[in-house]
Amino acid sequence: MDDKTRLAHEKVESSVKEKVKELSQQIDKAVQDFALDPQALYELFLFKAQFHEYSYKNVILIHAQREGALQVAGFKKWKDQGYHIRKGEHAIKILAPELLSYVYDKDKNTVCLLKAATPEIKKLIKSGEYTVEKHLSGFSLASVFDISQTDCPIENYPQIFRELFVMGDTEHSEELQSAIMGYLVSELGVSVLKASDSERANILRGARGVTIFPQGDAQSQAPTIYYDPSLPVNQQIKTLFHEAAHAMLHAPHSEVNSKTPLPRAKKEYQAELTAGICAQYFGIDSMRANAGYISRWIEDEKISPKEKAELVEQVLDTAEQIVSYVDESLKQAFNISKESPSIDKDEPTQHLKEQAPRVCSLADELAQAQAAASKKESINPQASLKYTRKH
């Protein structure tokens, strides 16, 4: 490599570093500024009003079985709404109250169970001599399904739920996705699989993607990534960026985990921040989805400025590696460069600069909005908006 080529290469690397760092700061600002739109909350209220309101214990049961649950209902209720449960999906089990009807006389003495009432007792009930009251006798298991387990299109979700997804595609989205896959497979040795219906139901379980690390003696080997191919293409791309970060940063033997394994929330923070940087770098507007996802994971997590700086430094290194490879791959394999209209990195960066004042103090406002909303039981987005490393 001659001096001229070396200097040009160093200039490109410096430019990537600067843009990656800038995008990281803008996403961080977006998280801090993120707040729920009052109109979107009202839409969510109207949507949830169509469904049964579940007890706190059942909400815990729902999320223990399907961490990313948004809105659950029974098979018949979804059918009444015009949607069907997708093939292979497993029901979420909740506790349903069992009520028994008892017959009482005027002195409130128990006469019998209603189902055991004789014709004479029924006449006394009809005349008002006896009364019937229902009482809880116990609980039984009932089956419900989340909206993500149905064929309801994302476009029909309430706005607050839709904002968790990156919609649409771009002119070169297929090439971009191919370049990311090339990085995962060729550089990291990761197996990347499109989830089948069965794998979506049994492995993803409502997630957009998941990174599975080998256990035991095999834990030094590369992980396997599953992702949902039924999602919008831009969401698939962001998911692959997210899972790439998990694969690079959070393997059991990785430098990040070598001393003290990170808590789940901090892993999600790093993975989604990486995904946001990479997606924005290539012109995919994922800012709102990034901010919402991160804020929901770190709203209860205490991260000191020093620790946050360390986490972000690791993210910047990771994002730079991904962006550099994918950028070069687009140029070499597909002849797509920054001059291409759909991957003009200067325009999205400038657009983000304009949005910077509202981009990362979003988390505090979201936490406050969710706290206020959760006090109103009929509007309960907080009970349904957490995701996993399963992005």
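Before reading further, recall that the structure is shown in the block above.
All of the points below concern the structure found in this document. Bear in mind that the values here come from a model prediction, so they are computed numbers and not experimental data.

## Focus on the overall build of the chain
Here's step 1: Looking only at helices and strands, one finds 14 helices and 8 strands in the chain.
Here's step 2: Counting across all 391 residues of the chain, residues that qualify as buried make up 47%.
Here's step 3: At a minimum sequence separation of 6, the contacts of the chain that also span at least 24 residues come to 80%.
Here's step 4: Accessible surface, the chain: about 19,500 Å² in total, of which carbon and sulfur atoms supply 51%.

## Topic: the packing of helix H9 (residues 233-249) against helix H12 (residues 305-334)
Here's step 1: With their axes 11 Å apart at the nearest point, H9 and H12 run at an angle of 115 degrees to one another. In the packing of H9 onto H12, the handedness of the crossing is right-handed. Of the residues in H12, those in contact with Phe241, Ala244, Ala245, Met248 and Leu249 of H9 are Gln314, Thr318, Gln321 and Ile322.
Here's step 2: Its residues placed into classes, the contact of H9 with H12 shows 6 nonpolar, 3 polar and no charged.

## So, the environment of Leu176
Here's step 1: For Leu176, the location among the structural elements is in helix H7 (residues 173-187).
Here's step 2: For Leu176, the residues in contact, after removing those within four places along its chain, are Ile237, Phe282, Ile284, Val326 and Leu330.

## Some points on the nonpolar core
One broad trend across soluble globular proteins is that nonpolar side chains are buried collectively.
Here's step 1: Ranked by internal contacts, the top residues of the largest apolar core, which has 47 residues, are Phe241 and Ile277.
Here's step 2: Every element with two or more residues in this core is listed here: helix H1 (3-33), H7, strand S7 (224-227), H9, helix H10 (264-281), helix H11 (287-298) and H12.
Here's step 3: Broken down by element, the residue count for this core peaks at 9 residues, all from H12.
Here's step 4: Sequence-distant contacts of Ile277, defined by excluding residues within four places in its chain, comprise Val20, Leu23, Ser24, Ile27, Val315, Leu316 and Ala319.
Here's step 5: Formed by 16 residues, the second largest nonpolar core is a distinct cluster that contains Leu70, Ala73, Ile154 and Leu231.

## A short note on helix H3 (residues 56-65)
Here's step 1: The set of residues buried in H3 consists of Asn58, Val59 and Ile62. The buried residues of H3 occupy an angular sector of 105 degrees when projected down its axis, which confines them to one face. Counted as exposed and oriented over 90 degrees from the buried face of H3: Tyr56, Lys57 and Ala64.

## A word on the pattern of salt bridges
Here's step 1: Within the structure shown, the criterion is met by 12 salt bridges.
Here's step 2: Among the salt bridges present, the one from Glu89 reaches Arg66, with a minimum N-O distance of 3.9 Å. With Glu89 in the loop between helix H4 (75-80) and strand S2 (92-104) and Arg66 in the loop between H3 and strand S1 (72-73), this residue pair connects regions lying 23 residues apart in the sequence. Arg66 matches Glu89 in its accessibility class, with the two residues each being buried.
Here's step 3: Three or more residues are tied together by salt bridges with common partners; here these are Arg66, Arg86 and Glu89.

## Remarks on a nonpolar patch on the surface
Here's step 1: Where nonpolar side chains cluster on the molecular surface, the patch consists of Leu61, Leu95, Leu99, Leu136, Phe139 and Leu141 and spans about 590 Å² of accessible area.
Here's step 2: Secondary-structure elements contributing two or more residues to the nonpolar patch are S2 and strand S4 (131-146).
Here's step 3: Here the nonpolar patch gets 3 residues from one element, more than from any other, and that element is S4.
Here's step 4: Relative to the helices and strands, Phe139 is located in strand S4.

## Things to note about unusual backbone geometry
Here's step 1: Even without glycine at this site, Lys108 takes up a positive phi of about 65 degrees.
Here's step 2: One can find Lys108 in the loop between S2 and strand S3 (110-113).

## Notes on the packing of aromatic side chains
Here's step 1: This model, assessed by the stated rule, comprises 4 aromatic pairs.
Here's step 2: The structure contains a cluster of three or more aromatic residues connected by ring pairs, namely Phe241, Tyr281 and Phe282.
Here's step 3: Taking NZ or CZ as reference, Arg208 lies 4.0 Å from the ring centre of Phe165, over its face.
Here's step 4: Against the face of Tyr293 rests Lys238, its NZ or CZ located 5.9 Å from the ring centre.

## Description of the packing of H10 against H12
Here's step 1: Two elements in contact, H10 and H12, have axes separated by 9 Å at closest approach and are oriented at 40 degrees. In terms of orientation, H10 lies oblique with respect to H12. Of the two possible hands of crossing, H10 and H12 adopt the one that is right-handed. Only Glu307, Lys308, Leu311, Val312, Gln314, Val315, Leu316, Thr318, Ala319, Ile322, Val323 and Asp327 of H12 make contact with H10, whose side of the interface consists of Lys266, Tyr269, Gln270, Leu273, Thr274, Ile277, Cys278 and Tyr281.
Here's step 2: Tallied by class, the residues present in the contact of H10 with H12 amount to 12 nonpolar, 4 polar and 4 charged.

## A closer look at H7
Here's step 1: The terminal C-alpha atoms of H7 lie 20 Å apart, and with 15 residues this matches the ideal 21 Å at 1.5 Å per residue to within 8%.
Here's step 2: Residues of H7 that are buried include every one of Ser173, Leu176, Gln177, Ala179, Ile180, Tyr183 and Leu184, and no others. Buried residues of H7, seen end-on, are gathered within an arc of 160 degrees and therefore sit on one face of the element. Of the residues in H7, the exposed ones pointing more than 90 degrees away from the buried face are Glu174 and Ser186.

## Focus: the sheet that holds strand S5 (residues 191-194)
Here's step 1: The strand order across the open sheet built from 3 strands is S5-S7-S6, with neighbouring strands paired in mixed fashion. Looking at the sheet topology across the chains shown, the edges are occupied by S5 and strand S6 (209-212). Within this sheet the neighbouring strands show an average axis-to-axis angle of 15 degrees, counted without direction.
Here's step 2: Sheet topology note: the S5/S7 ladder contains 4 bridges and is parallel. Within S7, the residue paired with Lys194 across the bridge is Tyr227.
Here's step 3: Contacting S5, S6 and S7, H9 crosses the sheet at an angle of about 20 degrees to S6.

The rules behind these values
The written sequence of each chain sets the order in which its residues are numbered from 1. Local features in this predicted model are restricted to residues whose pLDDT is 70 or higher, and side-chain atom pairs enter the listing and the counts only when it is 80 or higher, whereas totals over whole chains, interfaces and linings include all residues. Excluded from the side-chain calculations are hydrogens and water; all other atoms, namely the structure's heavy atoms, are used. Every helix listed is a DSSP run of H or I at least four residues long, and every strand listed is a run of E at least two residues long, numbered separately from the N terminus. Only protein chains enter the calculation, and the probe is 1.4 Å; a residue is then buried if its accessible area is under 20% of its type maximum, exposed if over 50%, and partly exposed in between. By definition, residues are in contact when any of their heavy atoms lie within 4.5 Å. Residue burial considers only the protein chains on display, and all accessible areas are found by Shrake-Rupley using a 1.4 Å probe. To define axes, lines are fitted to C-alpha atoms, for helices over the stretch in contact only, and angles between the resulting N-to-C directions are given on a 0 to 180 degree scale. Crossings are classed by handedness, with left-handed meaning an anticlockwise turn of the near helix from the far one by less than a right angle and right-handed meaning a clockwise turn. When residues are sorted by character, Ala, Val, Leu, Ile, Met, Phe, Trp, Tyr, Cys and Pro go into the nonpolar class, Asp, Glu, Lys and Arg into the charged class, and all the rest, Gly among them, into the polar class. Definition used in this section: a nonpolar core is a set of buried Ala, Val, Leu, Ile, Met, Phe, Trp, Tyr and Cys residues joined via side-chain atoms within 4.5 Å. In this description, the arc belongs to the directions extending from the helix axis to the C-beta atoms. Counted as salt bridges are all cases of a side-chain nitrogen of Lys or Arg within 4 Å of a carboxyl oxygen of Asp or Glu. Note that patches include only residues with greater than 30% relative accessible area and no salt bridge, and the join distances are 9 Å for like charges and 5 Å for nonpolar side chains (Val, Leu, Ile, Met, Phe, Trp, Tyr). The pairing test for Phe, Tyr and Trp rings, Trp by its six-membered ring, is centres within 6.5 Å, and the orientation test on the planes gives stacked under 30 degrees, edge-to-face over 60, and tilted for anything in between. Consider the ring centre and the ring normal. A charge sits over the ring if Lys NZ or Arg CZ is within 6 Å of that centre and within 35 degrees of that normal. An angle below 35 degrees is treated as roughly parallel, one above 145 as roughly antiparallel, one from 65 to 115 as roughly perpendicular, and anything else as oblique. A helix is expected to span 1.5 Å for every residue after the first. Two strands qualify as a pair provided that DSSP identifies no fewer than 2 bridges between them.

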